[in-house]
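Here are the chains, one letter per residue:
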Amino acid sequence: ADIGEGYETVTAHVIYRDHSRMFDTAVIDRGTVEGIEVGMPVVDSRGLVGRIVASRAAISRIVLVTSSDCAFGVVDQRSRELGIVRGSDPVKWRSLGNASGNGIEIPPNVLELEYLSPSADISVHDTLVTSGLSGITPSGIRVGEVVEIVSHEEQDWYDIRVRPFADLDHLETVAVVLYGEEER
């Protein structure tokens, strides 16, 4: 992924992937010896994968963008609207089930765009990139494409679903962006 000039990266191989919706994580074969620290963003050739949540000498754990525990500040490239994307919350999806308590299936690899004003200018097919405002990531890393906007006009809010650009189902090689305190 294009992360802009001036940012050093460390290439790593994914050695384990946990596919559970609650703890969508991966483990890579690089760690503190290569300068990797908790909080650093991780990308693949298409876009943002997640961020480092634990690092030891030779391995690190990534929480993926699809985890409900992962959130990033983003900007819409077309309208410049700011928001936050996070992984879909499994509890929310279960609560959308029928009256007998049966939940609905959690859509795979879906992010939710949040914290927008009701009048925000967001359209299907818009591209979202990191805003850089949170200090977690550099600005301009591709995150995903808006694929669905569901209006709840009676409550003045929207469900906005985003498909991540990163190929999260086939993670093999990733790059950790060495974006620490001194770059922020």
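Reading the values: rules and limits
Here, residues in each chain are numbered from 1, in the same order as that chain's written sequence. Selection of residues for local features in this predicted model requires a pLDDT of at least 70, selection of side-chain atom pairs for listing and counting requires 80 or more, and totals for whole chains, interfaces and linings are taken over all residues. The side-chain quantities take in all heavy atoms of the structure and omit both hydrogens and water. To form a nonpolar core, buried Ala, Val, Leu, Ile, Met, Phe, Trp, Tyr and Cys residues must be joined to one another through side-chain atoms within 4.5 Å. Buried, partly exposed and exposed residues are distinguished by accessible area as a fraction of the type maximum, computed with a 1.4 Å probe on protein chains only: under 20%, between the cut-offs, and over 50%, respectively. Labels follow the DSSP assignment, with helices taken as runs of H or I lasting at least four residues and strands as runs of E lasting at least two, numbered in each case from the N terminus. Pairing between strands requires that DSSP locate at least two bridges from one strand to the other. A fitted line through C-alpha atoms represents every axis, and for helices the fit uses only the stretch in contact; the resulting angles, taken between N-to-C directions, go from 0 to 180 degrees. The patches reported here contain residues having more than 30% relative accessible area and no salt bridge. Joining distances are 9 Å for like charges and 5 Å for nonpolar side chains (Val, Leu, Ile, Met, Phe, Trp, Tyr). Methods summary: accessible areas were calculated by the Shrake-Rupley approach with a probe of 1.4 Å, and residue burial reflects only the protein chains presented. Here, a salt bridge means any side-chain nitrogen of Lys or Arg that lies within 4 Å of a carboxyl oxygen of Asp or Glu. In this description, contact between two residues means that some pair of their heavy atoms is separated by no more than 4.5 Å.

### Quick word on the nonpolar core
Here is step 1 of the chain: Formed by 39 residues in total, the largest nonpolar core has its most connected members in Ile-28, Val-49, Ile-52, Ile-62, Val-85, Leu-113 and Val-174.
Here is step 2 of the chain: The element that contributes the greatest number of residues to this core is strand β12 (residues 173-177), accounting for 4 residues.

### Observations concerning the sheet that holds strand β3 (residues 41-43)
Here is step 1 of the chain: Taken in spatial order, the 6 strands line up as β1-β2-β5-β4-β3-β12 and close into a barrel, and their pairing is antiparallel. On average, adjacent strands in this sheet sit at an angle of 45 degrees to one another, irrespective of strand direction.
Here is step 2 of the chain: For β3 and strand β4 (residues 48-55), the ladder comprises 3 bridges, and the chain directions are antiparallel. Bridge pairing links Val-42 to Gly-50 in β4.

### Quick look at a nonpolar patch on the surface
Here is step 1 of the chain: Together, Ile-15, Tyr-16 and Ile-59 line one region of the surface with nonpolar side chains, adding up to about 290 Å² of accessible area.
Here is step 2 of the chain: Among the secondary structure elements, Ile-59 is positioned in the loop between β4 and β5 (60-64).
Here is step 3 of the chain: Looking at Ile-59, the relative accessible area reads 39%, which means it is partly exposed.

### Comments concerning the side chain of Thr-130
Here is step 1 of the chain: Secondary-structure assignment places Thr-130 in strand β9 (residues 127-130).
Here is step 2 of the chain: The exposure class of Thr-130 is buried, given its relative accessible area of 1%.
Here is step 3 of the chain: Among residues more than four places away in sequence, those in contact with Thr-130 are Leu-48, Gly-73, Val-74, Val-75, Thr-137, Pro-138, Ser-139, Gly-140, Ile-141 and Val-143.

### Looking at the environment of Val-42
Here is step 1 of the chain: Within the secondary structure layout, Val-42 lies in strand β3.
Here is step 2 of the chain: Sequence separation between Val-42 and Ile-62 is 20 residues; the distance between their C-alpha atoms is 7.7 Å.
Here is step 3 of the chain: Apart from residues lying up to four places away in sequence, Val-42 is in contact with Leu-48, Val-49, Gly-50, Arg-51, Ile-52, Ile-62, Val-174, Ala-175 and Val-176.

### Some remarks on unusual backbone geometry
Here is step 1 of the chain: The backbone of Arg-80 sits at a positive phi, close to 70 degrees, despite the residue not being glycine.
Here is step 2 of the chain: Residue placement: Arg-80 occurs in the loop between β6 (71-76) and β7 (82-87).
Here is step 3 of the chain: For Arg-80, a relative accessible area of 53% translates into the label exposed.
Here is step 4 of the chain: The phi angle at His-125 is positive, at roughly 85 degrees, despite the residue not being glycine.
Here is step 5 of the chain: Relative to the helices and strands, His-125 resides in the loop between β8 (111-114) and β9.

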